[in-house]
Every structure is written in structure tokens, then in C-alpha cells.
Amino acid sequence: MSPAAPRARGGGRVSSRGAAAAREMSAHNRRGDWAAALQIFATATAALGNRTHNAAVYVEAIRAHGALGRPARALDTFQTLQASSLPP
């Protein structure tokens, strides 16, 4: 029997696809390809919705916005993370 997917606060499931997106975004951020990281974030958000992301996806998006000199977008992303039901 496989283990159940971890649950986010509020009862939603944390998506393994969200974790994969976070890993891919992190790799792009490490290479300095911030626009690609943000494209993955946009695609994952459209496909998964905010409830099924994990917090790492938001952290990587915040990093990319910061590196691109977009502090307002980074703050908006952080506030979306805070408003979500994701565990810290």
C-alpha cells in the first residue's frame, strides 16, 4: 500500500506535481533563468490551482521575482502564499 499524499492545512492535498514544479523552478533559478521559473509557476498555477501547490513553488516564484527586480510581484506572491491553506 502506498503512503497517502500529505495533507495541506484546510484538508487539501499537497500535489506531487507541485513538488516537481518546485524542483524544476529551483533548477532554473540556480541557473539564473528566472523567466523560465516564473513560466513554470504560471503553468502550474493554471493546471493545479493554488490549493494543490506546495509552499516551495511560491518560494521559488518569490526568488525569481526578486532576482528580476520585481519586489511588488514578489510581495503579491508572498501574500498569496500566506492566504493559502498550505503549511509553512
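Look above for the structure.
Predicted, not measured: the structure shown is a model, and the values here were computed from it.

This part is about the environment of Ala35. By the element assignment, Ala35 lies in helix 2 (residues 34–48). Put simply, Ala35 and Ala64 are 29 residues apart on the chain and 7.3 Å apart in space, counted from C-alpha to C-alpha.

Let us look at the pattern of salt bridges. Counting across every chain of the model gives one salt bridge. The salt bridge involving Glu60 is made with Arg63; its shortest N-O contact spans 2.8 Å. Here the residue Glu60 and the residue Arg63 both occupy positions in helix 3 (residues 55–67), the gap between them amounting to three residues, near one helical turn.

Compared with the 18 Å implied by 1.5 Å per residue over 13 residues, the 19 Å span of helix 3 between its first and last C-alpha is a close match. Ala55, Val57, Tyr58, Glu60, Ala61, Ala64 and His65 are the residues of helix 3 that are buried. One side-chain oxygen at the N-terminal end of helix 3 lies 3.0 Å from the backbone nitrogen of Ala56; it belongs to Asn54. Positive phi appears at Gly69, one or two residues downstream of helix 3, with a value of about 75°.

Scanning the model with the defined rule gives one aromatic pair in all. Judged by centre distance (5.6 Å) and plane angle (70°), the ring pair of Phe41 and Tyr58 falls under edge-to-face. Here Phe41, found in helix 2, pairs with Tyr58, found in helix 3; they are 17 residues apart in sequence, far enough to count as distant. You'll find Phe41 and Tyr58 in the same group, each marked buried.

This brings us to the packing of helix 2 against helix 3. Angle between the axes and distance between the axes are the two parameters that describe a pair of packed helices. Contact pair helix 2 / helix 3: the axes reach a minimum separation of 9 Å and the direction vectors enclose 145°. Where helix 2 crosses over helix 3, the handedness of that crossing is left-handed. Residue-level inspection shows Trp34, Ala37, Leu38 and Phe41 of helix 2 in contact with helix 3, the latter providing Val57, Tyr58, Ala61, Ala64, His65 and Ala67. Considered class by class, the residues forming the contact of helix 2 with helix 3 number nine nonpolar, one polar and no charged.

Along its 13 residues, helix 4 (residues 71–83) runs 18 Å from first to last C-alpha, staying within 8% of the 18 Å computed at 1.5 Å per residue. Taken as a whole, helix 4 has its buried residues at Ala74, Thr77 and Leu81. Projected down its long axis, helix 4 shows its buried positions confined to an angular sector of 65°, all on one face. Exposed residues lying more than 90 degrees from the buried face of helix 4 are Ala72, Gln82 and Ala83. Packing partners of the buried residues in helix 4 comprise helix 2 and helix 3.

Definitions and cut-offs
- Every chain begins its residue count from 1, and numbering advances along the sequence as written.
- Only residues with pLDDT of at least 70 get local features here, since the model is predicted, and only at 80 or more are side-chain atom pairs given and counted; chain-wide, interface and lining totals rely on the full set of residues.
- Side-chain calculation: all heavy atoms of the structure are included, whereas hydrogens and water are not.
- Per the convention used, a helix needs a DSSP run of H or I reaching at least four residues, while a strand needs a run of E reaching at least two, with both numbered from the N terminus.
- The working definition used for a salt bridge is a side-chain nitrogen of Lys or Arg within 4 Å of a carboxyl oxygen of Asp or Glu.
- By definition here, a helix of n residues has an expected span of 1.5 Å times n minus one.
- Exposed residues in this analysis have more than 50% of their type's maximum accessible area, buried residues have under 20%, and partly exposed residues fall in between, with area computed by a 1.4 Å probe over protein chains only.
- Each polar contact in these results corresponds to two N or O atoms within 3.5 Å; when the atoms are within protein, one needs to be able to donate a hydrogen and the other to accept it, and residues that are neighboring in sequence are counted only if both atoms are side-chain atoms.
- Centres within 6.5 Å make a pair out of two Phe, Tyr or Trp rings, where for Trp the six-membered ring is used; the pair is then stacked when the planes are under 30 degrees apart, edge-to-face when over 60, and tilted otherwise.
- Only the stretch in contact is used when fitting a helix axis, every axis being a line fitted to C-alpha atoms; angles between N-to-C directions are given from 0 to 180 degrees.
- Note on convention: the crossing is left-handed when the near helix lies turned anticlockwise from the far helix by less than a right angle, right-handed when the turn is clockwise.
- When checking whether two residues touch, look at their non-hydrogen atoms; a contact exists if any pair is within 4.5 Å.
- The nonpolar class holds Ala, Val, Leu, Ile, Met, Phe, Trp, Tyr, Cys and Pro. Asp, Glu, Lys and Arg form the charged class, and all remaining residues, Gly among them, are polar.
- What the arc covers is the set of directions going from the helix axis to the C-beta atoms.

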